[in-house]
Amino acid sequence: MLRWSLRNLQDGQKICSIAGLFSFHQSRAKRFTSQWDNMRLSLGFLLIAISFVLAGSVTIKTVVFPGESSNTYVEMVPQKPLNLRAFTLCMRVATELTGRREIILFAYRTRDFDELNVWRELDGRLSFYLSGEGVIFKVPELGPLETHLCFTWDSGSGAATLFMDGRRSSTKIYKKGHAVRSGGKVILGQDADSFLGGFDASQSFVGEICDVNMWDSVLSDSTIRDMSSMNSVPSGNVFDWESTELKVNGNVEVVNREL
């Protein structure tokens, strides 16, 4: 009887030891879980802080034309030849020029032809021309507040469209079967009546232009809306504003501004 009681006592001591050991490890596990949760929370706050810092450091280069000129322009060097049967051309524009005055927004000329020119017409309408007569869009006039513009054209159907701040114009049929030819120069700020020459100050651009991008295809409406809202979209494969080389001539300033 005494031996049985002694054995029970020893067994009880073992059980208590095991229970204590289990309780100890359980406590350590809780502390570890709590520490891991705290680490994850701290990491989350750190990532949020980094994202705010990065968001605040995004900059974009802007080309500023301070006044009328017959010799001021910026040449853009394309990433591939402008041999095009379709395109999307986009830019952000701001100008204080008003009244009955033509304003050149984009000019691509080969030695013999104006292959692709984008204009603000005398009456404020916007247009583009492919080697001859142009297609004109009646839209709100440009002004000193930045406007996002996109022009699209497809040779197969002739469909030509203008987007202003993500809003789409009616479609017009223009130059069906035509092709834009390569071998020319693209400039901002002037309309060249000859190859990089024959400039007219009364047609020159005054204001600022940025975010000039071009694709050799027609982008979807939703992609153009995203671009207008500064959302990320695929880079232009003809002109990518972030990486395109700019050759400045005359009184032009290229400034960087934070978005």
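For the structure itself, consult the block above.
How each quantity is defined
- Residues numbered from 1 in each chain as written.
- Predicted model: local features only at pLDDT ≥ 70, side-chain atom pairs only at ≥ 80, totals over all residues.
- Heavy atoms only, no water.
- 1 Å grid on protein atoms, 1.4 Å probe; cavity = no way out; pocket = protein on both sides within 12 Å on 5 of 7 lines; lining within 4 Å.
- Points joined across faces, edges and corners; volume = space filled by probe spheres on them.
- Helix = DSSP H or I, 4+ residues; strand = E, 2+ residues; numbered from the N terminus.
- Nonpolar A, V, L, I, M, F, W, Y, C, P; charged D, E, K, R; others polar.
- Patch = residues over 30% accessible without salt bridge, like charges linked within 9 Å, V, L, I, M, F, W, Y side chains within 5 Å.
- Areas by Shrake-Rupley, 256 points an atom, 1.4 Å probe, with all protein chains shown as cover.
- Salt bridge = Lys/Arg side-chain N within 4 Å of Asp/Glu carboxyl O.
- Buried < 20%, exposed > 50% of the residue type's maximum accessible area, 1.4 Å probe, protein only.

A.B. asks: Please explain the layout of surface pockets as it appears in this structure.
C.D. replies: Rolling a probe over the atoms, with the probe sized like a water molecule, indicates the empty space that remains. Its boundaries defined by the atoms lining it, the largest pocket holds a volume of some 520 Å³. Around the largest pocket sit 21 residues that line it, and I60, D211, M230, E242 and L259 are the ones nearest its centre. Among the secondary structure elements, those contributing two or more residues to the lining of the largest pocket are β1 (59-65) and β13 (207-215). The class makeup of the residues in the lining of the largest pocket is nine nonpolar, seven polar and five charged. Taken as a whole, the second largest pocket encloses approximately 160 Å³ of empty space. In this structure, the second largest pocket is lined by K138, V139, P140, L162, F163, M164, D165, R167, R168 and S169.

A.B. asks: Quick question: what am I supposed to make of a nonpolar patch on the surface here?
C.D. replies: Together, V58, M230 and L259 give the surface a local cluster of nonpolar side chains, amounting to about 250 Å² of exposed area. Position of V58 relative to the elements: it lies in the loop between α1 (2-56) and β1. Since its relative accessible area comes to 39%, V58 is described here as partly exposed.

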